[in-house]
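Results of the structural survey
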Amino acid sequence: MRYLSTRGDSRNPSSKTFTEILLGGLAPDGGLYLPETYPQVSRAELDQWRGLSYADLAYAVLSKYIDDIPPADLKALVDKTYTAEVYCNARIGDDACDITPLRWLEPGLGILELSNGPTLAFKDMAMQLLGNLFEYVLEKKGEQINILGATSGDTGSAAEYAMRGKHGVRVFMLSPHGRMSAFQRAQMYSLQDENIYNIAVRGMFDDAQDIVKAVSNDHAFKAKYKIGAVNSINWARVVAQIVYYFKGYFAATQSNDEQVAFAVPSGNFGNICAGHIARMMGLPIGKLVMATNENDVLDEFFRTGVYRPRGTAETHATSSPSMDISKASNFERFVFDLVGRDPSVVRELWAKVDAGGSFDLSATPFFAALPQFGFVSGKSTHADRLATIRTAYEKYGVMVDTHTADGLKVALELRSVGMPMVVLETALPAKFEETIVEALGRTPERPAGLQGIENLPQRVEVMDVSVDAVKQFIERHVNA
Ligand SMILES: *Cc1c(COP(=O)(O)O)cnc(C)c1O
C-alpha cells in the first residue's frame, strides 16, 4: 500500500509507505496523506471478521494498510495494544472486557463505548497504538523523536499516556498554566515517567500553540532536535479509528445485510473521517451523522456547501471543549474524495483556506454528489446538551459526557426507522464534572484508579510565554 498527498501532483506521484509517513505530519506540499486506493472488504471477509476479537479485527483491518511491517510484528504490536489492562480499567463495575462494548439504550439506539482507556476519552483508541508503532519503528531505524505539542486537555494527556516509558520518544507538552481543570492537570502532571515533560506556560492555549508553531518553523532546530508531533492529521491515528466502526457494526447487527448509522461528535473531523473510510471499504454504513457544538463550521458545510473556517475570536468556548474547533484539520481528506480525488481541485480550494478565506461548493456537481457519501449533520447548544444529559440519565439510566451528549442529541433527531443508530461515546462524564453537576445535580463516578489523583505529587515546569525558554528547556533535556 502506497500513500499520496491530497495536494500532490497525480502525474508525478511521490508515494510513500506506511512507516515513511508514520513519524511525519503534513506532506511536503502541505497536503494530508491518504492511501492510493481504499482496500475493499469482501462479503466473505466481513462474515469472517464478525466473530473476531478487537485485537484480531484490528490486525485484519490494519494489515490492509500496513505492508512494510512484517505481519508477525504487526500482530504483536496490536496484541500488546488492545488488552483488557489498557482498555477495561475505566468502566465501573464491568467485569467482561470487550474493549469497545455496545450499550443499547433502547431497541435501535446504542452507545459504543470508546472511552474506557487510560485517559477516559476515545483518543486512547488510536493513540495507544501510535505509541507502540512509534517505539517499534524508531528502534528499527535507530532514531529518536522529541514530540512537541500544545494541549488544553484531551490530546495532550492521551499522547502522554501513550508515549510514557517508550524508548526513543520524549514528549514535551505545553499547557496553559492554571487554565485546565484540577482533574486534567492531575492526569498529566502526576506522570513521573522520565521521558514525559509537562510545561505550563503563563498564558492561554493559543500562546502555547504559537510557541509550538514557532519552534517547528525553526527548521534548523527542528532537524537538530528531531522535533515531531502527534496531532490529529497523523494517518496512523485515523487508520486505527477505522477498526471500531467495524466492531460497532458487528455488535449492532445480526448479519452483514443490515445497515447501521453512526453519530459522531466532531471537531477536527478525525473520528468521522475514519467512519467515511470504513464505508468506502465496503462496511454497510447507511448514514454518518456528523454532530458539532456551537462551533458549527462543519455542520454549515454539510447543510450549505460553504466551508468557512473561523478565526480565534469567532471560536466559542463551550461545555464540550474538545470540539471547540474552527478549522477542521482532517476535513481536507474527505474533500479530496468528494472532488473525485483530484489534487488540483484540493490545491485550489485550500489556497483560499490557507489565505484565511472560505470556499463554496454549493453550485458544483461535487455538492450534488454529497448524499452518495452518506453524511447528514446537526449541532447542539449548551442547553441542548444539558437536556440530553438529563434525558439519558432519566430515561435510560446512563450518564453521558457533554461531547457524547452532542452526538446523542443529533442522533435522536436524525434517526430513521429500521436502521440502528450507534452514537460514538468520546469521553466519560468524569472528565467534565462541572457540566454534569449543572445538568443532574450530582457528580459522576470516577473510575477506581483515578480517585484522589489531584493529591498525587506533580511534575511540571512553569514558564513565561517564551519561545527561547522552551527551546532551551528542550536542549537541556535532550542533551542530558
Ligand atoms: C477529540 C475529541 C472530539 C473530536 O474528535 P475529532 O476527531 O477531532 O472530530 C470529540 N470529543 C472528545 C471528548 C474529544 O476528545
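Quick summary incoming for the structure in this document. The numbers attached to residues start from 1 for each chain and follow its sequence in the written order. For this predicted model, a pLDDT threshold of at least 70 governs which residues receive local features, and a threshold of 80 or more governs which side-chain atom pairs are given and counted, while totals over whole chains, interfaces and linings are taken from all residues. Only heavy atoms go into the side-chain values, all of them from the structure, while hydrogens and water stay out.

Turning next to the site of the ligand. In these notes, residues near a molecule or strand are those with any non-hydrogen atom within 4 Å of it. Surveying the vicinity of the ligand reveals 15 residues, the closest of which are Lys123, Asp154, Gly267, Asn268 and Asn271. Side-chain atoms alone can form a polar contact between residues adjacent in sequence; in general such a contact is a pair of N or O atoms within 3.5 Å, and within protein one must be able to donate a hydrogen while the other accepts it. Between the ligand and Asn268 there is a distance of 2.7 Å, counted from an oxygen atom to a backbone nitrogen or oxygen. Within the backbone of Gly270, a nitrogen or oxygen atom sits 3.2 Å from an oxygen atom of the ligand. In this classification, Asp, Glu, Lys and Arg are treated as charged, Ala, Val, Leu, Ile, Met, Phe, Trp, Tyr, Cys and Pro as nonpolar, and every other residue, Gly included, as polar. Looking at side-chain class alone, the shell around the ligand contains five nonpolar, eight polar and two charged residues.

Before going further, it helps to examine the pattern of salt bridges. The term salt bridge refers to a pairing of a side-chain nitrogen on Lys or Arg with a carboxyl oxygen on Asp or Glu at a separation within 4 Å. Applying the stated criterion across every chain yields a total of 27 salt bridges. The partner of Lys395 in a salt bridge is Glu106, with the nearest N and O atoms 4.0 Å apart. In this pair, Lys395 is assigned in helix α17 (residues 382–396) and Glu106 in strand β3 (residues 102–106), connecting sequence segments 289 residues apart. Buried means the residue's accessible area, taken with a 1.4 Å probe over protein chains only, is under 20% of the maximum for its type, while exposed means over 50%, and partly exposed covers the values in between. A relative accessible area of 57% places Lys395 in the exposed class. In this structure Glu106 comes out as partly exposed when scored by relative accessible area, which is 23%. Connected through shared salt-bridge partners, Asp296, Glu300, Arg308, Arg310, Glu314 and Lys379 make up one network. Numbering goes from the N terminus for both helices and strands, where a helix is a DSSP run of H or I of at least four residues and a strand is a run of E of at least two.

The topology assignment puts Glu20 in helix α1 (residues 18–22). Each C-alpha atom, one on Glu20 and one on Phe473, is 29 Å from the other, the two residues being 453 residues apart in sequence. A polar contact is formed between the side chain of Glu20 and the backbone nitrogen of Thr17, at a distance of 2.8 Å.

The values are spatial; any link to function lies outside them.
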